[in-house]
2 protein chains.
Amino acid sequence: MFETVKNRRTIRKYQSKDVSSDLLNDLLKTSFRASTMGGMQLYSVIVTRDAEVKDKLSPAHFNQPMVKEAPVVLTFCADFRRFTKWCEQRKAIPGYDNLMSFMNAAMDTLLVAQTFCVLAEEIGLGICYLGTTTYNPQMIIETLHLPKLVFPVTTVTVGYPDSVPEQVDRLPFDAIVHKEMYCDYTAEDIDRMYAYKESLPENKKFIDENRKETLAQVFTDVRYTKKDNEYMSDNLLKVLRLQGFLK
Amino acid sequence: MFETVKNRRTIRKYQSKDVSSDLLNDLLKTSFRASTMGGMQLYSVIVTRDAEVKDKLSPAHFNQPMVKEAPVVLTFCADFRRFTKWCEQRKAIPGYDNLMSFMNAAMDTLLVAQTFCVLAEEIGLGICYLGTTTYNPQMIIETLHLPKLVFPVTTVTVGYPDSVPEQVDRLPFDAIVHKEMYCDYTAEDIDRMYAYKESLPENKKFIDENRKETLAQVFTDVRYTKKDNEYMSDNLLKVLRLQGFLK
């Protein structure tokens, strides 16, 4: 399994071959063994195979082709609804309509999603996370009929890999790991840690294509802009409120 | 690996045997292959082995004994500081001091944490997640000297298992998975889905010990109360603001 994780790539192109329900269910069921706060299992998974539903989900993910092309799309949702309903049926007064409870449920959800992905890759499937899920949660909520206290945290497209891309770079180990205390980065650290990434031909091409001066500007001015982030932060708070996780 | 995940238990008692740095670093490095938004790797990991630091971290985790007893304590942090510093050194104007960016970084962080845990269990280590991390983030921030745009998301204690507990229950598969649309739960669904959990002798004992009428009341009145959740939600917003992720 180490080798699978070491050699993994995100897969965005899938064969038309289907992923059987038996296999998918076995992967999901196994992933539900992941750690969960207080044994509460604060998540739900919506399985999308239907082409019409994929068409409706697609714009929420900025029409990335994986949504329509992958045989299976999984929307992993933070879910305090099931647990809250149980409490209400058992003379218990639930108090999970708040941000801390959302965070707890979102954490549970992501541990399951990642366990699923590691298992799926081990048996030869390819996956892609769609970070767009929290950019347009309202569209996903409407399409999948998510009620209050349910919130889409992440989406994973799943299928057998068609083309396998080059593996992408990672920062040096010491850029990520700190011993005992956080060791803040000097200007020299930053130069050294990002040197390899900046040296890659594909990233140089990326700068040219976007008519920028530095790779960092491609991120700040094109891919993940302050304006978009601020808009989406406001939206996130708004939709958390609509779904009952904020007052 | 399927068998490892299927048979996993959270491990709270560890042998005194150390976890070698070589092994730990190999596990961490491999886990950094997990999916990450835009290749940004928005996380840092603080490795705690020092007994004094563990003593200081312990109260933040309500003095759960694993913090002092595990050979290794890992604090997984959402980190937009490194990336922001890089932007600032490259004539790029970062816009990551907001909630959406925190969420993106927290998601990256949790995917790495869970990849680490699956790998660690596969080679025979035991792990325990400490959900207390986001309950008392300020104490952890101070102890580990976390600067702005760094936020502790979760903590994992790691060591060789001493005693291996019974495996805990999980809800039925159809309680978690929805086909195409969220299928809301009827009262009968809830009764059926929670029946096994409620039937367990350890849970009946739990009700008695806490002098409650139902298992759900143990959760709402003792373990995860509305009052605590609301206090911690306010605190979470406060500390997110202090760390620069909210205005």
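Before any of the text, the structure's been laid out above.
The model shown is predicted, which means the values in this text are computed figures rather than measured ones.

Peer 1: What exactly am I supposed to notice about the environment of Ser163(A) here?
Peer 2: Residue and element names in this part refer to chain A. Counting through the fold element by element, Ser-163 comes out in the loop between β4 (150-159) and β5 (177-179). The exposure class of Ser-163 is partly exposed, given its relative accessible area of 39%. Sequence-distant contacts of Ser-163, defined by excluding residues within four places in its chain, comprise Ile-11 and Lys-13.

Peer 1: Where do I start with unusual backbone geometry in this structure?
Peer 2: Excluding glycine, most residues fall at negative phi; most peptide bonds, likewise, are trans. The backbone of Asn63(A) sits at a positive phi, close to 55°, despite the residue not being glycine. Along the chain, Asn63(A) falls in the loop between α3 (51-57) and α4 (66-69).

Peer 1: For this particular structure, what's the right way to read the interface of chain A and chain B?
Peer 2: The parts lose accessible area when they come together, and the size of an interface is often stated as this lost area. Of the residues lining the interface, 114 residues belong to chain A; the matching set on chain B comes to 114 residues. Counting the surface lost from both chain A and chain B, the interface buries some 10,800 Å², and carbon and sulfur atoms represent 62% of this. Together, Arg33(A), Trp86(A) and Tyr182(A) form the three largest contributors to the area buried by chain A at its contact with chain B, with a combined 8%. Our count for the chain A to chain B interface comes out at 16 salt bridges. For Arg90(A), the salt bridge is made with Asp191(B), and the minimal N-O distance between the two is 2.9 Å. Across the chain A-chain B interface, the total number found is 76 residue pairs in polar contact (both at pLDDT 80 or more). Here the side of chain A that touches chain B gets 14 residues from one element, more than from any other, and that element is helix α6 (residues 99-122) of chain A.

Peer 1: Can you walk me through the sheet that holds strand β3 (residues 126-130) of chain B in this structure?
Peer 2: In a beta sheet, neighbouring strands are held together by backbone hydrogen bonds and run either parallel or antiparallel to one another. The five strands lie next to each other as β5(A)-β1(B)-β2(B)-β4(B)-β3(B), forming an open sheet whose pairing is mixed. For this open sheet the edge positions go to β5 of chain A together with β3 of chain B, each flanked by a neighbour on one side alone. Across the sheet, the axes of successive neighbouring strands diverge by a mean angle of 25°, strand direction being ignored. By the bridge criterion, three bridges tie β5(A) to strand β1 (residues 43-48) of chain B in an arrangement that is parallel. Bridge assignment links Val177(A) to a residue of β1(B), and that residue is Val45(B). Sheet strands touched by helix α6 (residues 99-122) of chain B: β1, β2 (72-79), β3 and β4 (150-159) of chain B. Its angle to β2(B), the strand with the most contacts, is close to 150°.

So, how was this worked out
- Residues numbered from 1 in each chain as written.
- Chains lettered and ligands numbered in written order.
- Predicted model: local features only at pLDDT ≥ 70, side-chain atom pairs only at ≥ 80, totals over all residues.
- Heavy atoms only, no water.
- Helix = DSSP H or I, 4+ residues; strand = E, 2+ residues; numbered from the N terminus.
- Buried < 20%, exposed > 50% of the residue type's maximum accessible area, 1.4 Å probe, protein only.
- Contact = heavy atoms within 4.5 Å.
- Buried area = accessible area lost by both parts, 1.4 Å probe.
- Salt bridge = Lys/Arg side-chain N within 4 Å of Asp/Glu carboxyl O.
- Polar contact = N/O pair within 3.5 Å; in protein donor to acceptor, adjacent residues only side chain to side chain.
- Pairing = 2+ DSSP bridges.
- Axes fitted to C-alpha atoms, helices over the stretch in contact; angles between N-to-C directions.

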